[in-house]
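Chains, contacts and geometry: an overview
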Amino acid sequence: MAKLSYTRDELMASHAYARPHERAGYKLHGGFLADGTYVSPRVLNRWPAVTAWQEQLTAKGWPLIDATVQLLKRGNYPNIPQERFLLSQGYGQPFWNSLTITGVIEARGRALCDLEAPDFQTIIEDDISQTCTGHLHKGLLYAHGADEGGDPAEPDYGAHDAMWFAARDLVFGKDRYPLPEVPESIGRPDTGRLMPQLPAGFEQLILLLMNVLMIEVRAECFFAFCCAIMRDKDVFTDRREQAEEAAAMVERIRTDEAIHVGYLQTAISEMRSFTFKTVDGGTVKGKDLIDPIWEGMVHWHAVTQADFARDQTREAVRAELEKTPDGARLFAEFDALDDIAKAA
Ligand SMILES: [Fe+2]
Ligand SMILES: [Fe+2]
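Residues numbered from 1 in each chain as written. Chains lettered and ligands numbered in written order. Predicted model: local features only at pLDDT ≥ 70, side-chain atom pairs only at ≥ 80, totals over all residues. Heavy atoms only, no water.

Bringing the overall build of the protein into the picture now. Scanning the protein from N- to C-terminus turns up twelve helices and five strands. Relative to a compact globule of 344 residues, whose C-alpha radius of gyration would be 20 Å, the protein shows 21 Å and is just as compact. Dimensions of the protein, computed from C-alpha atoms along their principal axes, come out at roughly 70 × 50 × 30 Å. Out of the 344 residues in the protein, the part that is buried amounts to 50%. Sequence-distant contacts, at least 24 apart, represent 77% of the contacts inside the protein between residues at least 6 apart. Looking at the protein as shown, the accessible area adds up to about 15900 Å², and 53% of this sits on carbon and sulfur atoms. Positive and negative charge centroids in the protein, built from 36 and 52 side chains respectively, lie 2 Å apart. (Helix = DSSP H or I, 4+ residues; strand = E, 2+ residues; numbered from the N terminus. Rg over C-alpha atoms; globule rule 2.2 N^0.38 Å. Buried < 20%, exposed > 50% of the residue type's maximum accessible area, 1.4 Å probe, protein only. Contact = heavy atoms within 4.5 Å. Areas by Shrake-Rupley, 256 points an atom, 1.4 Å probe, with all protein chains shown as cover. Lys, Arg positive; Asp, Glu negative; His and termini not counted. Charge placed at Lys NZ, Arg CZ, Asp CG, Glu CD.)

What follows is about the coordination of the iron ion (ligand 2). The coordination sphere of the iron ion (ligand 2) contains the protein donors E148 (OE), E216 (OE), E216 (OE), E257 (OE) and H260 (ND1), at a distance range of 1.9 to 2.6 Å. The metal-metal distance between the iron ion (ligand 2) and the iron ion (ligand 1) comes to 3.4 Å, with E148 coordinating both. Of this pair, E216 sits in helix α8 (residues 200-230) while E257 sits in helix α9 (residues 240-273), and the two are 41 residues apart along the sequence. On the basis of relative accessible area, E216 is assigned to the buried category, the value being 5%. (Donors = N, O, S within 2.8 Å, 3.2 Å for Na, K, Ca; no water.)

Our focus in this paragraph is α9. The terminal C-alpha atoms of α9, which comprises 34 residues, lie 50 Å apart, in line with the 50 Å expected from a rise of 1.5 Å per residue. Within α9, 25 of the 34 residues are buried, leaving the element largely enclosed by the surrounding structure. (Expected span 1.5 Å × (residues − 1).)

Treat this as a map of the structure, not an account of what it does.
This is the structure we're talking about:
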């Protein structure tokens, strides 16, 4: 039978790398095996653990919730033809800004290292000692934070923030544009109590896990977009080699993110199967508690926020293009490449 219970040290353990991960002048987390395969940091046991918890859950008849880009109703904005058009006209700043902002937001993920996560066992009737949910406060959240913004205990190694900046500098050249302003938050704003049956701290943690899972799903859409643009032979024509290297860097971040989707998807799926103790001394089925909240979270990220971000980006591109005499025509051309506008 697969191992289902892990210590914090086991969950933090990394592979023995044959070669360190050093690129574009940055010393980075993770490493390469002897055959050249990149391996993420701290996944020696995390992947086997997540796989075992998933198998245990599905064997009990509970499916894993969908956590693929299928959840997203909108593609990346700008889309690939639009981005190609902007770059061909010499407008690199929007893409430069996206790469920088993504790096800064990744670094904020390190806050998960400092999170004093409560033990879910106190509000769940089932024994959760052999589940993903039962390990959230035993290293899973800390490992995730370390992957995003660097392990506070190993400050020499750059994490996703450094990897995005390295990819950006490879593709554009260092200091090609000024650094943009970064939004304060990319999660759903506070909506007041949504699960009054639970103590507030647990509600906040469940919403945090759901928010982060959807941010990871949206990130997957951005990875695919970045790789397609960076590998396009018709853009960054004077920096093809560096652009290919940048795409490889993004692929390594993408590899690292898979474990985040994996454990968050597992924990939320498990919670649907549990029975929760409520603050008034009763119980509630996890499915009844979780499903409407998850549905609302998916909708906010996939539709509400996606449409808002699209309008903002579109206006920013308009403002940028309209600085030139030919701006109105260029913007009309940019707009015509938009699938949504075309369909409307
Ligand atoms: Fe990340
Ligand atoms: Fe992540």
